[in-house]
Amino acid sequence: MLAFVLGTSTGQAQDNAKFRVVLDAGHGGNDFGATYHGYVEKNNALNVALKVGRILEGDVGTQVIYTRKTDVFIPLDERADIANKSKADIFVSIHCNANKNLAASGTETYVMGVTRNAANLEVARKENEVVTMEKDYKIKYDGYDPNSPESVIGMTVVQEEYLDQSIELAAGIQEGFEEGLSRKSRGVKQAGFLVLRKIYMPRVLIEMGFVSNKEEGAFLSSDEGQEQIAQAIAKAILDYRKEYFAAGTEEFVPVERPNVPEKDIQKMDLPKQKIDTPKVKEVKPTTVNGTVFKIQISASTKKMELVPSNFKGLNTISMEDDGTIVKYFYGNTNDYNESKKLLEEAKAKGYGSAFIVAYKNGQKVTLNEALR
């Protein structure tokens, strides 16, 4: 039977009115992770995860769920099961980096994705090779071979509609490291991490720094360094909660987590089928009273035709393409109450991770700022 550990401030049972955060301390038990100069990744990951949890548990609107609170080994698929069965709102996996180049330094936060970048592939390969400690791992992980780049490149990316929110969370974490702690930021990146593969919510994997770098490893392994890192991560999580879940009120509105049938899981490497149906008229943002609300229904690395069949029958679609991520929106209104109705319509169509976004004079702003 699957067991997971709730934060101490949340009581005996899960409170569905709270913002649920799964904190995943990487590695554990007989899986030490990266070890250099006497610095051990599994210890640093656990210490920081517990410190982040302690901070979040001080927020009455947040519930913390841990994949581990002690030095034990948890298989990667069980970590995903813990997140999904707890119906969490975000999943944050905490790790340390390492490199044969002992001068390498800096922080980076990953979202799930397919990459051919050699450096990103290597980070994913090192974090994924823990599966070899699990019995029948090739069966459990669909023939995955940690020593084969093709296995990482060919991984299926599920639930792409969570990609944009994952990127937003990752960007907030990196901003906290860089601006709050003056740490070197290596940016937000994509790679195929097994621990993130089958998690149906916004999810990120943090590489807090390089234990292979003697100076940075000492910082990561010190109580003071871990406390600073934990403060930055916790602040980014709470800022994310305020922007995407507070919606201008002190009352927390949880995101519905749909049951995802196998047929709805999309593969990034499948060719797009041509559909000869009329295109939906793309909605251009208006600026009535300077403020516009739209419903973000998905984000993808692929461009899709603006046809109803690509958006579960929704027929008022707009999109934004920043060159890396294409975002798709439903509706367009200057009335916040009307946007909440549009949100319910999108969720009823199956977009369980949809959320309201706001623009003021053509610039994206937080909902709190728009409502003010």
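Residues numbered from 1 in each chain as written. Predicted model: local features only at pLDDT ≥ 70, side-chain atom pairs only at ≥ 80, totals over all residues. Heavy atoms only, no water.

Peer 1: Quick one: what's the story with the pattern of salt bridges, residue by residue and with numbers?
Peer 2: Two side chains that carry opposite charge are able to pair once their charged atoms sit near each other. What the rule picks out here adds up to 14 salt bridges. Measuring nitrogen to oxygen at the nearest pair gives 2.9 Å for the salt bridge that ties Arg-54 to Glu-227. Placement of Arg-54 in helix H1 (residues 41-56) and of Glu-227 in helix H9 (residues 223-246) is noted, with a sequence separation of 173 residues between them. Among the residues examined, Arg-54 registers a relative accessible area of 44% and is labelled partly exposed. Bridged by salt links that share partners, the residues Lys-51, Arg-54, Asp-223 and Glu-227 form one connected network. (Salt bridge = Lys/Arg side-chain N within 4 Å of Asp/Glu carboxyl O. Helix = DSSP H or I, 4+ residues; strand = E, 2+ residues; numbered from the N terminus. Buried < 20%, exposed > 50% of the residue type's maximum accessible area, 1.4 Å probe, protein only.)

Peer 1: Outline the pairing of strand S5 (residues 62-66), supporting the account with residue identities and numerical values.
Peer 2: Judged by how many residues are buried, S5 sits mostly within the fold: five of five residues are covered. Where burial is concerned, the two faces of S5 agree: the one with Thr-62, Val-64 and Tyr-66 and the one with Gln-63 and Ile-65 are both buried. As paired elements, strand S2 (residues 19-25) and S5 share five bridges and run parallel to each other. For Arg-20, the partnering residue across the bridge sits in S5 and is Gln-63. (Pairing = 2+ DSSP bridges.)

Peer 1: Which residues make up the packing of aromatic side chains, and what values do they have?
Peer 2: Across all of its chains, the model carries four aromatic pairs by this definition. The ring of Phe-329 carries Lys-294 above its face, with NZ or CZ at 4.4 Å from the centroid. (Phe/Tyr/Trp six-rings, centres within 6.5 Å; stacked < 30°, edge-to-face > 60°. Lys NZ or Arg CZ within 6 Å of the ring centre and 35° of its normal.)

Peer 1: Please set out helix H10 (residues 336-348) residue by residue, giving values where relevant.
Peer 2: Here H10 contains 13 residues, and its C-alpha end-to-end distance of 19 Å stays within 8% of the 18 Å for a straight helix at 1.5 Å per residue. Looking only at H10, the buried set comprises Tyr-336, Ser-339, Leu-342, Leu-343, Ala-346 and Lys-347. Along the axis of H10, the buried residues cluster in a sector spanning 140 degrees; they form a single face. Across H10 from its buried face, at more than 90 degrees, point the exposed residues Lys-341 and Ala-348. Between the side-chain oxygen of the N-cap and the backbone nitrogen of Asn-337 there are 2.9 Å, and the N-cap of H10 in question is Asp-335. Downstream of H10 by one or two residues, Gly-350 has phi in the positive range, about 110 degrees. (Expected span 1.5 Å × (residues − 1). Arc of directions from axis to C-beta. Polar contact = N/O pair within 3.5 Å; in protein donor to acceptor, adjacent residues only side chain to side chain.)

Peer 1: Any details on the side chain of Arg-20? Residues and values, ideally.
Peer 2: In this fold, Arg-20 is placed in strand S2. Look at Arg-20 and you get buried, because its relative accessible area is 5%. Within polar-contact distance, the side chain of Arg-20 engages the backbone oxygen of Lys-87 at 3.0 Å.

Peer 1: Give a detailed account of helix H8 (residues 214-221), specifying residues and quantitative values.
Peer 2: Every buried residue belonging to H8 is among Glu-216, Gly-217 and Leu-220, and all of these are buried. Considered in projection along H8, the buried side chains sweep an arc of 100 degrees and stay on one side of the axis. Exposed residues lying more than 90 degrees from the buried face of H8 are Lys-214 and Glu-215. The backbone nitrogen of Glu-215 has a side-chain oxygen 3.1 Å away, supplied by the residue at the start of H8, namely Asn-213.

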